[in-house]
Amino acid sequence: MNEKSKISRKNFIKNCSATLGLLTVGISSDVFSKSTNNTNAFYKGALQNVSTSQKRGSWVQLGNVQPEDISLENCVLTVAENEHSAVKQAIKFLATDIFKISGYQAQTVTTEKENSIQIIATTLGNRKLPKGINISQLKEKKEAFLIYTAKDTIWLIGADFRGTAYAVYTLSERLGVDPLYHWTGYQPIKNSKLVMKKTLHFEDEPTVKYRGFFHDDEDVLPRPFDRYGYPLRIGDVAIEWYERFFETALRLRMNMVAPYVRVRRRYEVQKCASDWGLYYTSHHYDILLSNPFGIERFELARKRGVNTAWDWFNGKDQMINYWRGGVTENADINAIWPVGLRGIDDHAYKFPEGTSEKEQAKVFKDAIEIQVKTVKELSKSNEQPIFHFTLYTEMLDKYKKHPEDFKVPEDVILVWPDDNDGVMRALPTSKDKWKHGVYYHLAYFGGAPTKQGTHVIAPSRIANEFKKIVDSGATEYMLVNVSEMREHVMEARMIADICWNANEVLSKENPAENYLKWWIAEYFGNENIKAIHQAYHNYYNLINSSEKTYFAAIQFELILDQLHRRFTNKNPRKLDVEKINELKQRNKNYHIALAQITEINFKLNREQKQFLYEHIEFGLRIDQRPTEAAILLLKALNEPNNTKAWDLIAEAAIPLEKLEIEILRAERPPFEKWYIPTWARHVVTPLNVHRSYTQLREFITTQGVESPIKTKTAIGHNLEGAKLWNHLLEEGAKINATY
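Residues numbered from 1 in each chain as written. Predicted model: local features only at pLDDT ≥ 70, side-chain atom pairs only at ≥ 80, totals over all residues. Heavy atoms only, no water.

Some points on the overall build of the protein
Point 1. Along the protein, the regular secondary structure elements total 24 helices and 16 strands.
Point 2. Relative to its length of 739 residues, the protein is compact, with a C-alpha radius of gyration of 27 Å against a globular reference of 27 Å.
Point 3. If one aligns the C-alpha atoms of the protein with their principal axes, the spans along those axes are about 90 × 75 × 60 Å.
Point 4. For the protein, with 739 residues in total, the buried portion stands at 60%.
Point 5. Pairs at least 24 residues apart make up 77% of the contacts formed inside the protein by residues separated by at least 6 positions. (Helix = DSSP H or I, 4+ residues; strand = E, 2+ residues; numbered from the N terminus. Rg over C-alpha atoms; globule rule 2.2 N^0.38 Å. Buried < 20%, exposed > 50% of the residue type's maximum accessible area, 1.4 Å probe, protein only. Contact = heavy atoms within 4.5 Å.)

Shown next as structure tokens:
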């Protein structure tokens, strides 16, 4: 390495701390393409404009106090004993929020306190309201709410208990608390003289009736480690992580959650969700919340007194009793019950050979009717049972071939899937007697569309697809796969806002552009809209598919293998010229882009720099650093002198070492070890962001004797091993063991 290319430790760390520099050339015109569908009357009414004005902190009086403003110093929070636990939990969060802002710990009482400043949270019909409050717009509504200031009182009035809770969460945001603070790291601005402006604010019932996040393929959440050094798939995740998920959903006014798939389930988790006001639901093969994944691993079949055969034709009663166990275990909570028939993992049910499509359809229909009847018999919830039948993978094709044979009960919601990559496979084309909903992916694990550690689905795709969804009437149910949530916060919030008020988000021409500008103003300030707007465009141009997040890692491995073949006198393999040319162009684009980082960084405060780093720059660095390293390996490959070639190989370690530092920066608390290899991001797959670094270190250590291309070994625990783990965890829980 020559003297000019050397870098001091001080400057190296300084360079690693810069944020957001992105491509300004070659932006594709369709990244945020304008909508061409302007004919539907849904988008034509009297609409609220999407503005770039901030929501967070917008009700705080920062100027001269006006006569009808309310000082929140020494305020009292009032919530009656007969209010739902969801409202009481929201008030607990509000008390914490006020303390974060003002340093004042508000007292919570159950009855009104005279001669005091009060924030009263009440559900329509639970207490007498003062004259002058127009509650007519709340009557016979679901989840609507009114926020109203009068004298020394802030009234938070919900049409039902969820509406009241959402009023509380809305107040928290307008006082300055970011609904996504767990993920953005944003803390509210301190204000010891907290004063709220005079306010009258009404929110109507939401566009989508049941809406929530699915925390699928949970591979990095903290839990015990397995024999491979990965977080144990079937281990316990601390309830604090679920509480973060639930709180985020509620602050975004979602009302449903599917909290897990493969980890051990603990009743306290779904009970917490229900108590806080979320419907507990699950994915398409978790029929009646019975957890088929645990039929043997968690010995649920034994505990429910059935065998482990999954055979409708020869063991129907066994399957029904297994499902009954799921209903019984969750009978006391508010749930939305998945129905259908699939395997005990995420695969199709295996019918006997020769079973016709029409015969299969009849089996599905019969199974669903039994499942609906079972829930109605066993559920103890005060609310009417709700069911969803998701037409995932093979089910959509079966349904489309024989819709006449899928005459499921009318209280079952038909849920239409996307292609795992944010584009709808199909939607209802006409009105019928069923309600319809959607299963949508921001995160996904399995095959080419895998997106676990980087956000890929652009706002333009979301806007285009959700216009179709709303126009089709599939607004009864919306489940959004966000995995562990962190990387997908912007798109998740966009979908949550659409689910709450589709008109507000989708009504304007080019809604993706409008939403993006609002997001930038909200999280980075109005003065930074232009530069960061371009940065997001550039991000989605460079990372326009899941494969682009590891494009360079694949080329790096192939080039390194060529060097291995050279040093071991093996026949070389031909590199893909188009891919190499693309790699070189991406390298140029990255260097142009990253030159802009410092310019943007100068305009941001500390929190904004870190969040922008996590949300944009780091996603680019994951591919950009291996790109730099791969270019150096190409030079080594073309260098005839072996000594000089090895110098270039050693130099290729520098950008990868920088990436290791950048990973640590992204792993701030509470996200320590967030990017370690896992069962999903196996050490030899390009989804593992450390792979290129590890491969090069091993290559240098072995003098290139070993190929960097390793066979992916089968991982996981056999069923007996899983049972032992489960037994250990169950017994440990009994004695509150630590280990």
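Describing the packing of aromatic side chains
Point 1. Counted according to the given criterion, the structure contains 44 aromatic pairs.
Point 2. When the ring of Tyr 260 is compared with that of Tyr 280, the centres are 6.5 Å apart and the planes differ by 85 degrees; the resulting orientation is edge-to-face. Separated by 20 residues along the polypeptide, Tyr 260 in the loop between β10 (256-258) and α6 (267-275) and Tyr 280 in strand β11 (residues 279-280) bring together distant segments of the chain. Each member of the pair Tyr 260 and Tyr 280 is classed as buried.
Point 3. Each member of the aromatic cluster is reached from another via a ring pair, and the members are Phe 93, Tyr 169, Trp 183, Trp 241, Tyr 242, Phe 245, Phe 246, Tyr 260, Trp 276, Tyr 280, Phe 671 and Trp 674.
Point 4. Just above the ring of Phe 293 sits the side chain of Arg 297; from NZ or CZ to the centre is 3.9 Å.
Point 5. When the ring centre of Tyr 613 is taken as origin, the NZ or CZ atom of Arg 665, which lies over that ring, is 3.9 Å away. (Phe/Tyr/Trp six-rings, centres within 6.5 Å; stacked < 30°, edge-to-face > 60°. Lys NZ or Arg CZ within 6 Å of the ring centre and 35° of its normal.)

Describing helix α15 (residues 511-524)
Point 1. Between its terminal C-alpha atoms α15 stretches 19 Å, which fits the 20 Å expected from 14 residues at 1.5 Å a residue.
Point 2. With 13 of 14 residues buried, α15 lies mostly within the body of the structure.
Point 3. Remark: Gly 525 follows α15 within two positions and exhibits a positive phi of approximately 95 degrees. (Expected span 1.5 Å × (residues − 1).)

A closer look at the pairing of strand β13 (residues 386-390)
Both faces of the sheet carry side chains from a regular strand, because those side chains alternate between them.
Point 1. Within β13, five of the five residues are buried, leaving the element largely enclosed by the surrounding structure.
Point 2. What you see with β13 is no split at all: Ile 386, His 388 and Thr 390 on one side and Phe 387 and Phe 389 on the other are buried throughout.
Point 3. In terms of strand pairing, strand β12 (residues 336-338) meets β13 through three bridges, oriented parallel. By the bridge assignment, Trp 337 is partnered in β13 with Phe 387.
Point 4. This β-α-β element, β12 to helix α10 (residues 357-378) to β13, shows right-handed connectivity.
Point 5. Direction of pairing for β13 relative to strand β14 (residues 412-417): parallel, over a ladder of four bridges. Among the inter-strand pairings, Phe 389 is bridged to a residue of β14, identified as Leu 414.
Point 6. At this point the chain moves from β13, through helix α11 (residues 394-401), to the parallel β14, and the crossover so formed is right-handed. (Pairing = 2+ DSSP bridges. Right-handed = clockwise from strand over helix to strand, strands pointing away.)

What about the packing of helix α17 (residues 551-567) against helix α21 (residues 642-651)?
Point 1. Remark: α17 packs on α21, axes separated minimally by 13 Å, with the N-to-C direction vectors making an angle of 155 degrees. On the basis of their axis angle, the class for α17 and α21 is roughly antiparallel. Between α17 and α21 lies a crossing of left-handed hand. The segment α17 lies against α21, with Leu 563, Arg 566 and Phe 567 engaging Asn 642, Ala 645, Trp 646 and Ile 649.
Point 2. A per-class count over the contact of α17 with α21 returns five nonpolar, one polar and one charged. (Axes fitted to C-alpha atoms, helices over the stretch in contact; angles between N-to-C directions. Parallel < 35°, antiparallel > 145°, perpendicular 65-115°, else oblique. Left-handed = near helix turned anticlockwise from the far one by under 90°. Nonpolar A, V, L, I, M, F, W, Y, C, P; charged D, E, K, R; others polar.)

So, the packing of α10 against α11
Point 1. Running from N to C, α10 and α11 point in directions that differ by 110 degrees, and their axes come no closer than 10 Å. The angle between the axes of α10 and α11 places the two elements in the roughly perpendicular class. When α10 is examined against α11, the residues Glu 357, Gln 360 and Phe 364 are found in contact with a partner set consisting of Met 395, Lys 398 and Lys 401.
Point 2. A class-by-class count of the residues in the contact of α10 with α11 yields two nonpolar, one polar and three charged.

A look at the environment of Glu 706
Point 1. The residue Glu 706 is located in the loop between α23 (691-701) and α24 (719-734) in this model.
Point 2. Assessed through its relative accessible area of 45%, Glu 706 is described here as partly exposed.
Point 3. A sequence separation of 606 residues divides Glu 706 from Lys 100, and the C-alpha atoms of the two residues are 55 Å apart.
Point 4. Apart from the residues lying within four places of it in its own chain, the contact partners of Glu 706 are His 564 and Phe 699.

Focus on the sheet that holds strand β4 (residues 118-123)
Point 1. The six strands are arranged β3-β2-β4-β6-β5-β8 in an open sheet whose pairing can be described as mixed. Strands with a single pairing partner mark the edges of an open sheet, and in this sheet they are β3 (107-109) and β8 (200-203). Each adjacent strand pair in this sheet contributes to an overall mean axis angle of 15 degrees, direction not counted.
Point 2. By the bridge criterion, four bridges tie strand β2 (residues 76-79) to β4 in an arrangement that is parallel. Residue Thr 78 lies in a different strand from β4, and its bridge partner there is Ile 120.
Point 3. Running at roughly 175 degrees to β2, helix α2 (residues 85-102) makes contact with β2, β3 and β4 of the sheet.

A short note on the side chain of Arg 586
Point 1. As for its placement among the helices and strands, Arg 586 is situated in helix α18 (residues 577-594).
Point 2. Within the structure, Arg 586 has its side chain in polar contact with the side chain of Asp 623 (distance 3.0 Å).
Point 3. For Arg 586, the contacting residues outside a window of four places in its chain are Leu 542, Ile 543, Lys 548, Phe 551, Asp 623 and Thr 627. (Polar contact = N/O pair within 3.5 Å; in protein donor to acceptor, adjacent residues only side chain to side chain.)

Digging into the sheet that holds strand β9 (residues 210-214)
Point 1. Read from one edge of the open sheet, eight strands run β11-β10-β9-β16-β15-β14-β13-β12, paired in parallel fashion. Single-partner strands in this sheet number two, and they are β11 and β12.
Point 2. The strands touched by α10 within the sheet are β12, β13 and β14, with β13 carrying the most contacts at an inclination of about 155 degrees.

A look at the pattern of salt bridges
Point 1. Inspection of every chain in the model, using the stated rule, returns 52 salt bridges.
Point 2. A salt bridge links Arg 681 to Glu 484, with the shortest nitrogen-to-oxygen separation between them at 4.0 Å. In this pair, Arg 681 sits in the loop between α22 (653-666) and α23 while Glu 484 sits in the loop between β16 (477-481) and α13 (489-500), placing the two residues 197 residues apart along the sequence. The burial state of Arg 681 is the same as that of Glu 484; both residues are buried.
Point 3. Three or more residues are tied together by salt bridges with common partners; here these are Glu 617, Arg 621, Arg 625, Glu 628 and Glu 662. (Salt bridge = Lys/Arg side-chain N within 4 Å of Asp/Glu carboxyl O.)

Considering the environment of Pro 459
Point 1. Mapped onto the secondary structure, Pro 459 falls in helix α12 (residues 459-472).
Point 2. Sequence spacing of Pro 459 and Lys 603 is 144 residues, and the spatial spacing of their C-alpha atoms is 25 Å.

Side note on unusual backbone geometry
Point 1. The linkage connecting Pro 669 with the following residue, Pro 670, adopts the cis geometry, with an omega of 5 degrees.
Point 2. Here Pro 670 lies in the loop between α22 and α23.
Point 3. A positive phi is found at Asn 510, a non-glycine position, where the angle reads about 55 degrees.
Point 4. Mapped onto the elements of the fold, Asn 510 is located in the loop between α14 (502-506) and α15.
Point 5. What makes Asn 510 buried here is its relative accessible area of 9%.
Point 6. Its identity as a non-glycine residue notwithstanding, Asn 569 has a phi of 60 degrees, on the positive side.
Point 7. Note on placement: Asn 569 falls in the loop between α17 and α18.

Points about the side chain of Glu 557
Point 1. Examined against the element boundaries, Glu 557 turns out to sit in helix α17.
Point 2. The exposure class of Glu 557 is buried, given its relative accessible area of 12%.

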